[in-house]
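# Descriptive structure summary
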Amino acid sequence: MRKLLIMILLFFMPQFIYASILNDVEPFVEFDGINEDDYYISKTIDKNLVIVKIKEKKTNYEYSWSFDKNKINDKIKLNFNIDFESEKKDEIDSIAGNITKKYLSFSHHGSLPTSASIKVDVSDKFKDGNKLYLYYYNEDIKKIEFIEKDIIVTDGYAEFSIDHCSQYFLTDAIVNNAENNPKSLNKVIFALTFVVIGLMAYTIFKKQ
């Protein structure tokens, strides 16, 4: 009779059993420094990735972290929280100017155990198809550093890779005086500057 009951349970509840096993297999995920009751959290493991999806109950903000499973030993222990406001807003704005930004303030500071792909909802700031730039605010030297370009907004989300957590922001504009801007961006900056100067000269000439 016991064997029969077990067989029935195995047949009718495969999803429940799969979910239970999934949460208990390596690599394990340990949340550090947050109250898990404040979030809806799920972990998915496929052939190559460990994906941690998070939704804040209070704000409904959704984001996810993806790690290469083959580069993790047995456990990921992190504070996975991301705030979308920045204590360094005034400092960042004083350098980057009045451009549209999605601030990304990671509660974890410092290096990651391996690079992570971060996927965040940016629909409140940008439209699908927008090409975004990722910048990092270096608090030690008070400068903004270019990280990544051509991040396409898809279904309201932007996805990018980092190996270090701190203060970042996404924008659809080029930060002219950022450190490490690639040559291609510098050419765009030069072209835009040339156009602006040309328009100013034309306006002045026309008024005379």
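Residues numbered from 1 in each chain as written. Predicted model: local features only at pLDDT ≥ 70, side-chain atom pairs only at ≥ 80, totals over all residues. Heavy atoms only, no water.

## Section: the pattern of salt bridges
Applicable threshold: Should a side-chain nitrogen of Lys or Arg be within 4 Å of a carboxyl oxygen of Asp or Glu, the pair is scored as a salt bridge. Only DSSP runs of H or I with at least four residues qualify as helices, and only runs of E with at least two residues qualify as strands; both kinds are numbered from the N terminus onward. Whether a residue is buried, partly exposed or exposed follows from its accessible area with a 1.4 Å probe, protein chains only, as a fraction of its type maximum: under 20%, in between, or over 50%, in that order.
Using the criterion set out here, one finds eight salt bridges in the structure. As a salt-bridge pair, Glu30 and Lys75 come within 3.1 Å of each other at their nearest N and O atoms. On the criterion of sequence distance, the pair formed by Glu30 in strand β1 (residues 28-31) and Lys75 in strand β5 (residues 75-78) is long-range, its members being 45 residues apart. On the basis of relative accessibility, which here comes to 30%, the residue Glu30 falls in the partly exposed class. For Lys75, a relative accessible area of 42% puts it in the partly exposed group. In this structure, Lys102 and Asp124 form a salt bridge, with 2.9 Å as the shortest nitrogen-oxygen distance. With Lys102 in strand β7 (residues 101-121) and Asp124 in the loop between β7 and β8 (131-138), this residue pair connects regions lying 22 residues apart in the sequence. A relative accessible area of 3% means that Lys102 is categorised as buried. Taken together, the shared-partner salt bridges connect Glu30, Lys75 and Lys77 into one network.

## A look at the nonpolar core
The criterion, for reference: Side-chain atoms within 4.5 Å link the members of a nonpolar core, which is a set of buried Ala, Val, Leu, Ile, Met, Phe, Trp, Tyr and Cys residues.
Of all hydrophobic cores here, the largest spans 36 residues; its most connected members are Trp65, Phe80, Leu104, Val120 and Leu170. Only β1, β2 (39-45), β3 (49-56), β4 (62-68), β5, β7, β8 and β10 (157-171) provide two or more residues apiece to this core. The next biggest cluster of nonpolar side chains, apart from the first, holds twelve residues, and it includes Ile92, Tyr103, Tyr133 and Ala178.

## Quick word on the pairing of β8
Put simply, the test is: Between any two strands, pairing holds if DSSP finds at least two bridges.
With seven of eight residues buried, β8 is to be regarded as a mostly interior element. As paired strands, β8 and strand β9 (residues 143-152) are joined by seven bridges and run antiparallel to one another. What sits directly across from Lys131, in β9, is Ile152. Between β8 and β9, which pair antiparallel in sequence order, lie four residues; one of them, Lys142, sits at a positive phi of approximately 60°.

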